[in-house]
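# Structure at a glance
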Amino acid sequence: MTDRALVVVRAGALTTVQDLGRPGHAHLGVPRSGALDGPAAALMNRLVGNPPEAAVLETTLNGCDLRPRSAVTVAVGGAPCPVSVDGRPAPWGAPVHVPAGALLSVGTAVSGVRAYVAVSGGVTVEPVLGSRSTDLLSGLGPPPLTAGTVLPLGKPYGLPARVDVVPQPSPPAELVLRVTPGPRDDWFTAAAWRTFTTHTYRVSSASNRIGLRTEGPALERAIGGELPSEGMVLGAVQVPPDGSPVVFLADHPTTGGYPVIAVVHPKDLPTTAQATPGTPVRFVPTCTPPGARGTAQSLVFRGHTPQGRGERRSFSS
């Protein structure tokens, strides 16, 4: 067993290959994908001597079991979880030597949702549009892992970090997401904006890599009907007909016909990767929209005359 490859023994609830994603292809209908908790993935790569762009494994809730065909160095971080090699406890958040043929077990998250497994040399599945990331919405990249999958590994880039453990942020007890109003905040009443920015929502169990669904007070529309489909960006807070905000994440659709009330600050998005169902969510505005917004008159003034036509495209699981 001298070839550099990783055999999946147990895939867990959802384990995917992720890297920095494939930005720049939205005009082709392709979202960026990539690790939801980018800082955690980058740190694990650093610990095993990989560059930030090396592909890692992203697990969901209950980890995975892996068997390397040659000796490797691994690091597991993100959501805190038990780690073992052939049944012997191994450190979390630190470089770990795994001999050829040994069983690396990444256990169920103690807190948080997603753990990241970096392996020296990185996972070298065939790239698609410059990325090895799995995209759950479009189906690009390798499919979610299953037992028996064999993942090729690259040659080690360098020596692993000489540390016992590195500090990592704890999964959030509360999500505080900074938001910028618009581009369609004027499709909502002034009362809806106050509700959105002053009430506490909670993370829904229906959330996934496509979007963070929330549960809480519905946001009242000032204007009925739908927009013609328009571009959607990472962090867009779309509001479907039920009035519950949805934060678009890495695998989000690139177009949609429901209005976007605000956009989340990019630096706040990694914390959403570790928010378990029921976690409180607060949307904090970075500025206040003009008082004229939220009325039909302001829509006409701004050239956004209400329309009932257009595709019915929105977030879906």
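For the structure, see preceding data.
What comes next is a walk through the structure. Not measured: the values here are computed from a predicted model.

Rules and cut-offs
Residues numbered from 1 in each chain as written. Predicted model: local features only at pLDDT ≥ 70, side-chain atom pairs only at ≥ 80, totals over all residues. Heavy atoms only, no water. Pairing = 2+ DSSP bridges. Helix = DSSP H or I, 4+ residues; strand = E, 2+ residues; numbered from the N terminus. Axes fitted to C-alpha atoms, helices over the stretch in contact; angles between N-to-C directions. Polar contact = N/O pair within 3.5 Å; in protein donor to acceptor, adjacent residues only side chain to side chain. Contact = heavy atoms within 4.5 Å.

Moving on, we get to the sheet that holds strand β16 (residues 236-238). Across a sheet, strands are paired by hydrogen bonds formed along the backbone, either parallel or antiparallel in direction. An order of β12-β19-β16-β17-β14-β13-β20 is seen for the seven strands of this closed barrel, with the pairing classed as mixed. Looking at each pair of strands side by side, their axes are set apart by 40° on average, direction ignored. Where strand β13 (residues 201-203) meets strand β20 (residues 280-285), two bridges bridge the pair, whose relative direction is antiparallel. If you follow Arg 202 over to β20, its bridge partner there is Pro 280.

Inspection of the secondary structure assignment puts Ser 33 in the loop between β2 (16-18) and α1 (38-47). Here the side chain of Ser 33 touches Asp 251 through a polar contact of 2.9 Å, side chain to side chain. When neighbours within four sequence positions are excluded, Ser 33 is seen to be in contact with Gln 18, Gly 21, Arg 22, Ser 133, Thr 134, Asp 135, Arg 209, Ala 250 and Asp 251.

Time to look at unusual backbone geometry. Along the chain, Gly 182 connects to Pro 183 via a cis peptide bond; the corresponding omega equals 10°. Of note, Pro 183 is situated in the loop between β12 (175-181) and α2 (190-198). In the Ramachandran plot, Asp 86 falls in the positive-phi region, its phi being about 50° despite a non-glycine side chain. For Asp 86, the position within the fold is in the loop between β6 (83-85) and β7 (88-90). In the Ramachandran plot, Leu 129 falls in the positive-phi region, its phi being about 50° despite a non-glycine side chain. The topology assignment puts Leu 129 in the loop between β10 (114-119) and β11 (150-152).

Topologically, Pro 39 is positioned in helix α1. Remark: the alpha-carbon pair of Pro 39 and Gln 168, spanning 129 residues in sequence, is separated by 9.3 Å.

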